[in-house]
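# Working through the structure, step by step
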Amino acid sequence: WHVAFHPYPENLFNAATWKDNSAQMRRDTPRVTFRNLEVLTRFLGETGMLHRTSVSDPQRAVARRVILSEQGFHAPTGKEGEMLQAAAYAYAYRKAAMNPGIDSFILHRHVDHAHEGGLNLGLWNRKTGTVAEPDTPRKIREVFEYADTPKWEAVFQFALPIIGIEDWKELGR
C-alpha cells in the first residue's frame, strides 16, 4: 500500500498554512499540513514503514509513495484574500515539488461550490445564484496554470513576501 493524504491548513478558513501552529517539525506532531509535510515522508521512510518491493527480492525495501489527493485553500473576499489563496497554493506546490516522496498534487476545487460550508476553494469564483458555475478567475488560476512550466518562478514571485521568504530554496531547509 501507499498513502493518499490531504494536507489542508489547520484552519480551513486561513490559507496561510506556513503559520500552522499545530504542524510541528517532529515525528509526534499533532497534525501534518503543508508546513511540515516532510514529517510524513520521513516517517514513511523509517525502517518499520518500508515496503518490500517483491517476493523475489525480499531484502529490498523502499519508502511508501504519497499522493496529495485532495487539498485546497480558502480565498477570503477581496483582492488580499485572493492573493493569500494564490500564495498558499504556490507555497504548497513548491513544498510538494521539492519533496521526493510526493508523487502527485491534486487540487480539490476548480470552481467555488455553494454547498461547501462557506469555503471559497476554487480557481474561479462561482456565479451568484449558482451552485458551481464559473464566473471570474482568481490569481490562483494563473499560479495553477504555470506551476509546472518554465515560467513558474516568475509567476510565483509575488508570493515570496506574503509567505515571508526571499527564495523558494528556503522551503527545503
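Before reading on, note that the structure itself is shown above.
Before going into details, it helps to say that this report is about the structure given with it.

Rules behind the numbers
Residues numbered from 1 in each chain as written. Predicted model: local features only at pLDDT ≥ 70, side-chain atom pairs only at ≥ 80, totals over all residues. Heavy atoms only, no water. Phe/Tyr/Trp six-rings, centres within 6.5 Å; stacked < 30°, edge-to-face > 60°. Lys NZ or Arg CZ within 6 Å of the ring centre and 35° of its normal. Core = buried A, V, L, I, M, F, W, Y, C linked by side-chain atoms within 4.5 Å. Buried < 20%, exposed > 50% of the residue type's maximum accessible area, 1.4 Å probe, protein only. Helix = DSSP H or I, 4+ residues; strand = E, 2+ residues; numbered from the N terminus. Contact = heavy atoms within 4.5 Å. Salt bridge = Lys/Arg side-chain N within 4 Å of Asp/Glu carboxyl O. Expected span 1.5 Å × (residues − 1). Axes fitted to C-alpha atoms, helices over the stretch in contact; angles between N-to-C directions. Parallel < 35°, antiparallel > 145°, perpendicular 65-115°, else oblique. Left-handed = near helix turned anticlockwise from the far one by under 90°. Nonpolar A, V, L, I, M, F, W, Y, C, P; charged D, E, K, R; others polar.

## What about the packing of aromatic side chains?
Per the counting criterion, the structure on display carries 11 aromatic pairs. Ring-pair connections join several aromatic residues into one group, and the members of that group are Phe34, Phe73, Tyr89, Tyr93, Phe105, Phe144, Trp152, Phe156 and Trp168. Here Arg94 stacks its cationic end above the ring of Trp152, 3.9 Å away from the centre of that ring.

## Structural notes on the nonpolar core
In this structure, Tyr89, Phe156 and Trp168 are the most contacted members of the largest nonpolar core, which totals 40 residues. Looking at this core, the elements with two or more residues in it are helix 1 (37-44), strand 4 (66-71), helix 2 (79-97), strand 5 (102-107), helix 3 (139-146), helix 4 (152-156) and helix 5 (159-163). Top element by residues in this core is helix 2. It accounts for 10 residues. Non-local contacts of Tyr89, meaning those with residues more than four positions away in its chain, are made with Phe73, Phe105, Leu107, Ile140, Val143, Phe144 and Ala147.

## Notes on the pattern of salt bridges
Throughout the structure, instances matching the rule amount to nine salt bridges. Linking Arg26 and Asp28 is a salt bridge whose minimum nitrogen-to-oxygen distance equals 2.5 Å. When its relative accessible area of 38% is taken as the criterion, Arg26 is described as partly exposed. Two residues, Glu46 and Arg27, come together in a salt bridge whose shortest N-O distance is 2.8 Å. You can see Glu46 sitting in the loop between helix 1 and strand 2 (51-52) and its partner Arg27 sitting in the loop between strand 1 (3-5) and helix 1, a full 19 residues away along the chain.

## With respect to helix 2
For helix 2, built from 19 residues, the straight-helix expectation of 27 Å at 1.5 Å per residue is met to within 8% by its first-to-last C-alpha distance of 27 Å. Counting buried residues in helix 2 gives 15 out of 19 residues, a clear majority hidden from the surface.

## Focus on the packing of helix 2 against helix 3
Between helix 2 and helix 3, the least distance of the axes is 8 Å, while the angle of their chain directions is 20°. When the axis of helix 2 is compared with that of helix 3, the two are roughly parallel. When the axes of helix 2 and helix 3 are compared, the crossing they make is right-handed. Every residue of helix 3 that contacts helix 2 at Glu82, Met83, Gln85, Ala86, Tyr89 and Ala90 is listed here: Lys139, Ile140, Val143 and Phe144. Of the residues in the contact of helix 2 with helix 3, the class split is seven nonpolar, one polar and two charged.

## Things to note about the side chain of Ser22
Structurally, the position occupied by Ser22 is in the loop between strand 1 and helix 1. The residues contacting Ser22, other than those within four sequence positions of it, are Glu10, Thr29, Pro30 and Arg31.

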